[in-house]
Amino acid sequence: MSSQDAIGTMSAAIFDENTMASKLPKDVFERFMGAMISGEPTSAADQKVIADVLFTWARAQGAVDFAHWFFPIRGGSGAVGGAVGAFKMDTMIDLDFSSKMANKPFFGVLPHERLFQGETDGSSFPNGGLRVTHSAAAFTTWDRSSPPMIVDGVLRIPCAFVTHFGKCIDEKTPLLRSMDAVRTQGLRMLKAVGLATSAKNMYSYLGWEQEFFVVPADLYKARPDLVNCGRTLMGKLPTRNQQMDLNYFAPVPEKVNQLMNTVQAEMMKVGCPIAVKHNEVAPAQHEMSPIYCVANASADNNVLFMEIMNRESARMGLMTLFHEKPFAGINGNGKHANWSIGTDTGLNFFYPGKTEEHAKLYVTALACLAYGLCQHNELVRCSVAHAGNDHRLGAQEAPPAIISLYPGQLFEAHVDSIIAGGDILGYKAEKKMQTTGCAAAMPVEAPTEDRNRTAPFPFCGNRFEFRAVGSSQNCSFPIMVCNTIMASGMAALASLIEGGMSHRDAVADMFKQNRHVIFTGNGYSKEWPVEAVKRGLPNLVTTPMAVATWASDKNKALFEAMKVFTPEETDARAEVMYEAYVTTLRVEGETLVHMIDTGIVPACAKDLEKYKGFAKLAGGREALYVGVVEETEKLKNLLAAPHKEHLADEANYLCEQLKPQMEAVRALVDQAEGLLEAGLYPFPTYEALLYSH
Ligand code: ADP
Ligand code: MG
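Residues numbered from 1 in each chain as written. Chains lettered and ligands numbered in written order. Predicted model: local features only at pLDDT ≥ 70, side-chain atom pairs only at ≥ 80, totals over all residues. Heavy atoms only, no water.

A look at the overall build of the chain
Part 1 of the reasoning: The helix and strand inventory of the chain stands at 23 helices and 18 strands.
Part 2 of the reasoning: Against the globule reference of 26 Å for 693 residues, the chain gives a C-alpha radius of gyration of 27 Å, in line with a compact fold.
Part 3 of the reasoning: Once the C-alpha set of the chain is aligned to its principal axes, its extents read approximately 90 × 90 × 65 Å.
Part 4 of the reasoning: When the 693 residues of the chain are sorted by exposure, 57% land in the buried category.
Part 5 of the reasoning: A separation threshold of at least 6 residues defines the contact pool for the chain, and within that pool the share at least 24 residues apart is 75%.
Part 6 of the reasoning: Roughly 28,200 Å² of accessible area belongs to the chain as shown, and the carbon and sulfur atoms make up 55% of that amount.
Part 7 of the reasoning: Of the charged side chains in the chain, 64 are positive and 77 negative; the average position of the first set lies 2 Å away from that of the second. (Helix = DSSP H or I, 4+ residues; strand = E, 2+ residues; numbered from the N terminus. Rg over C-alpha atoms; globule rule 2.2 N^0.38 Å. Buried < 20%, exposed > 50% of the residue type's maximum accessible area, 1.4 Å probe, protein only. Contact = heavy atoms within 4.5 Å. Areas by Shrake-Rupley, 256 points an atom, 1.4 Å probe, with all protein chains shown as cover. Lys, Arg positive; Asp, Glu negative; His and termini not counted. Charge placed at Lys NZ, Arg CZ, Asp CG, Glu CD.)

A closer look at the environment of Lys-191
Part 1 of the reasoning: By secondary structure assignment, the location of Lys-191 is in helix 6 (residues 172-193).
Part 2 of the reasoning: A relative accessible area of 68% places Lys-191 in the exposed class.
Part 3 of the reasoning: Taking the C-alpha atoms as reference, Lys-191 lies 59 Å from Leu-638; in sequence the two are 447 residues apart.

Focus: the coordination of the magnesium ion (ligand 2)
Part 1 of the reasoning: At 2.4 to 2.5 Å from the magnesium ion (ligand 2) lie its protein donor atoms, namely Glu-209 (OE) and Glu-287 (OE). With Glu-209 in strand 10 (residues 202-216) and Glu-287 in strand 12 (residues 285-290), this pair connects stretches of sequence that are 78 residues apart.
Part 2 of the reasoning: The buried category is assigned to Glu-287, whose relative accessible area is 4%. (Donors = N, O, S within 2.8 Å, 3.2 Å for Na, K, Ca; no water.)

Describing the site of ligand 1
Part 1 of the reasoning: Among the 15 residues in the neighbourhood of ligand 1, the closest are listed as Glu-209, Pro-290, Tyr-292, Ser-340 and Arg-451.
Part 2 of the reasoning: Between an oxygen atom of ligand 1 and a main-chain N or O atom of Pro-290, the distance comes to 2.6 Å.
Part 3 of the reasoning: In this structure, Arg-451 approaches ligand 1 through a side-chain N or O atom, which is 2.8 Å from an oxygen atom.
Part 4 of the reasoning: Computed on the free molecule, ligand 1 has an accessible area of 580 Å², of which 82% lies beneath the protein chains in the complex.
Part 5 of the reasoning: Those elements that place two or more of their residues in the shell around ligand 1 are strand 10, strand 12 and strand 15 (335-343).
Part 6 of the reasoning: With 3 residues, the top contributor of residues to the shell around ligand 1 is strand 12. (Near = heavy atom within 4 Å. Polar contact = N/O pair within 3.5 Å; in protein donor to acceptor, adjacent residues only side chain to side chain.)

Here we look at the environment of Leu-110
Part 1 of the reasoning: Residue position: Leu-110 is located in the loop between strand 5 (104-107) and helix 5 (112-116).
Part 2 of the reasoning: Along the primary structure Leu-110 and Pro-544 are separated by 434 residues, whereas in three dimensions their C-alpha atoms are 46 Å apart.
Part 3 of the reasoning: In this structure, Leu-110 is in contact with Ala-51, Leu-54, Phe-55, Phe-66, Met-92, Leu-115 and Leu-155, ignoring residues within four places of it in sequence.

Brief notes about the nonpolar core
Part 1 of the reasoning: Membership of the largest hydrophobic core comes to 153 residues, with the highest contact counts inside it found for Phe-305, Trp-339, Phe-349, Phe-350, Phe-511 and Trp-550.
Part 2 of the reasoning: In this structure, Trp-339 is in contact with Ser-204, Tyr-205, Phe-350, Leu-369, Phe-457, Arg-463, Phe-464, Ile-479, Cys-482, Asn-483 and Met-486, ignoring residues within four places of it in sequence.
Part 3 of the reasoning: Counting 35 residues, the second-largest nonpolar core is a separate cluster that includes Met-20, Phe-29, Phe-116 and Ile-169. (Core = buried A, V, L, I, M, F, W, Y, C linked by side-chain atoms within 4.5 Å.)

Some details on the packing of aromatic side chains
Part 1 of the reasoning: Inspection of the entire model under this criterion finds 32 aromatic pairs.
Part 2 of the reasoning: Their ring planes at 75° and their centres at 6.1 Å tell us that Trp-339 and Phe-457 sit as a pair that is edge-to-face. Linking Trp-339 in strand 15 with Phe-457 in the loop between strand 17 (444-446) and strand 18 (464-466), this pair joins segments that are 118 residues apart in sequence.
Part 3 of the reasoning: The exposure class of Trp-339 is buried, given its relative accessible area of 1%.
Part 4 of the reasoning: Summarising the aromatic geometry, the rings of Phe-459 and Phe-464 are spaced 5.6 Å apart at their centres and angled 55° between planes, so their arrangement reads as tilted. (Phe/Tyr/Trp six-rings, centres within 6.5 Å; stacked < 30°, edge-to-face > 60°.)

Quick look at the packing of helix 19 (residues 567-609) against helix 22 (residues 647-673)
Part 1 of the reasoning: Packing of helix 19 against helix 22 leaves a shortest axis separation of 10 Å and a crossing angle of 30°. With respect to their mutual orientation, helix 19 and helix 22 come out roughly parallel. Considering only the axes of helix 19 and helix 22, their crossing is left-handed. The residues of helix 22 that touch helix 19, namely those facing Glu-575, Tyr-578, Glu-579, Tyr-581, Val-582, Leu-585, Arg-586, Glu-588, Gly-589, Leu-592, Ile-596 and Ile-600, are Leu-647, Ala-648, Glu-650, Ala-651, Tyr-653, Leu-654, Cys-655, Leu-658, Lys-659, Met-662, Val-665 and Val-669.
Part 2 of the reasoning: Residue composition of the contact of helix 19 with helix 22, by class: 17 nonpolar, 1 polar and 6 charged. (Axes fitted to C-alpha atoms, helices over the stretch in contact; angles between N-to-C directions. Parallel < 35°, antiparallel > 145°, perpendicular 65-115°, else oblique. Left-handed = near helix turned anticlockwise from the far one by under 90°. Nonpolar A, V, L, I, M, F, W, Y, C, P; charged D, E, K, R; others polar.)

As for the domain arrangement of the chain
Part 1 of the reasoning: Domain annotation for the chain reports domain 1 (3-169), domain 2 (177-235 + 244-565) and domain 3 (580-690).
Part 2 of the reasoning: Distance from the C-alpha centre of domain 2 to the C-alpha centre of domain 3: 37 Å.
Part 3 of the reasoning: Of the residues lining the interface, 29 residues belong to domain 2; the matching set on domain 3 comes to 26 residues.
Part 4 of the reasoning: Carbon and sulfur atoms supply 72% of the area buried between domain 2 and domain 3, which totals about 2,300 Å² over both sides.
Part 5 of the reasoning: On the domain 2 side of the interface with domain 3, the three residues burying the most area are Leu-233, Met-234 and Gly-235, jointly 28% of the side's total.
Part 6 of the reasoning: One salt bridge in this structure joins Arg-231 and Glu-588, with 2.9 Å as the shortest N-O distance.
Part 7 of the reasoning: In this assembly, domain 2 and domain 3 are joined by 6 residue pairs in polar contact (both at pLDDT 80 or more).
Part 8 of the reasoning: Within the residue set of the side of domain 2 that touches domain 3, elements represented by two or more residues are strand 10, helix 7 (217-221), helix 8 (224-229) and helix 17 (543-547).
Part 9 of the reasoning: A total of 5 residues in the side of domain 2 that touches domain 3 trace back to one element, the largest contributor, which is helix 8.
Part 10 of the reasoning: Split by residue class, the side of domain 2 that touches domain 3 holds 19 nonpolar, 6 polar and 4 charged. (Domains from an automatic or database assignment. Buried area = accessible area lost by both parts, 1.4 Å probe. Salt bridge = Lys/Arg side-chain N within 4 Å of Asp/Glu carboxyl O.)

As for the environment of Ser-135
Part 1 of the reasoning: Here Ser-135 is to be found in the loop between strand 6 (117-121) and strand 7 (137-142).
Part 2 of the reasoning: Taking C-alpha positions, Ser-135 is 23 Å from Gly-85, a pair spaced 50 residues apart along the chain.

What follows is the structure, given as structure tokens:
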């Protein structure tokens, strides 16, 4: 089905609000929707009605099985294949044991208790010590605000995943808790400042931009590094790579275009219209993004998107790479998380606003955001810290590891005027006309604020774009942190006003205390890290450095106050992040050694054979090839050293010693690739991988 055809059947495979409204008794529907705000459990009687209606609907769509779909914590690591969800499929077929002749299969019902809750083993998923094998029970429970959908004949029910003691061991639960925090603190703040007081609910929104590479599956499979690590550990760049950005927005190659269209149609079926498709900067690199929606459903859609990309790629003999840095020397993949919050009355906190009320709200919201980003700076950094992203943050293609806020230069000036005693109002977000200098093309309307691609958190007209999110990550974790720090900013502002301060003074005070997190210059410049140190902003360049700050008393207090994590859950996350980092680096180190021992060294030996008696022709080959072996020996010794007792020490060791040695080995292997006789290099080359379609 083409995406055009799919529009006609849109929502067919999703049990969304409209479907529910049309099929459920009015009172059941209203109680169900109301529970999303109150948190009230759905009664057993209502559960039965909903399960019956859902079953009938799912059967009419051809569903045979159902599954609770949940999102175990992965410590930021979705390197191979991207962040995936988990599910176990149960059939909706039953046997009629009362039949006289034989047990007769029939489509039974969907037992309501199994729709709303499931039980599974929590110890086999990363859990940071919150589960062990002798105390392993964990439960899935329907996230009632993310609609069930049918994918490949399976009714999927998006779920939160918690332990026997209600501790979260997934990506979704903390996101949902942070959305509750936005609601509680947002409504409290609105009441304190007397704006939008008719609002009854608050939402947070997400629109992701997903970058990826598409390569032929057979070449992928012939590279142990891609298969095991999701990225290449060696490989020489082709002479033509991305020098002139020739690939950027160029026509999409036919095969990839087909793939993207198919995936677009599939996403449309589950109510996720893809808004943008295009070629990216590096050869073989592309991007797709949907129309934004509420953050939890959007995060679910992103995971589904990666899954469907993988499925459809496989059907076409292709492989999609979601790793942050599949190839050295050319751009890596990012996932820009466009994020905003707003009321049920339609007020977006991050839109400068045309009315006086909305304009006031915008400036107030930015004071809260500046507070959140400044006071909880390290948390924001941690939310995107994992082994894959260490290859990007701080390089000249991705925002720096320093977290700052870019609200635009005019807004920065407005902040200073408020701090100096000026009014909250007065920021004019007016568009300007710019001439094109020719008769045929009309003048263009330029927004007040320019784009800043070097900033980790730039303003984009009606949202902020968190640009540092890793391409393989589940967006839930970084958006959970954005929501939490924003909720804490709104709580801080409300407290000041509840304590007797005027609205203006409270906003001025918040900006004054957190002024240094606002930076509108070039984040890629050499001066910025120096300036950031002077401002007291952290520059946590590696994952171990970032994760070391995660479970501080200050952060535990924040998460507890915002009801997002208990201290125990906060500790567990750090452990999972460390575990993911350590495992990733060890798998990478060992894969590199294996590829050299079984592929590169034999190729070097064969190559040298040819030069026997031709010392001059051999040139520096022998010395270089011997160098590869010697440096690899050092790498093996580093890998053979006993593991450190504490995960933090192990992570530091691998980061500071193993990683540089892997780089050293790689540099020599890539030089050797440039000398080996054509055809002797034992793995598909970068050239073949990047230029096959
Ligand atoms: P860019 O021009 O930055 O590359 P794209 O058009 O590729 O942006 O993607 C922008 C994303 O931001 C889309 O997913 C879009 O739906 C989303 N978006 C737009 N407005 C909002 C908003 N208010 N809140 C969250 N996301 C938004
Ligand atoms: Mg884009």
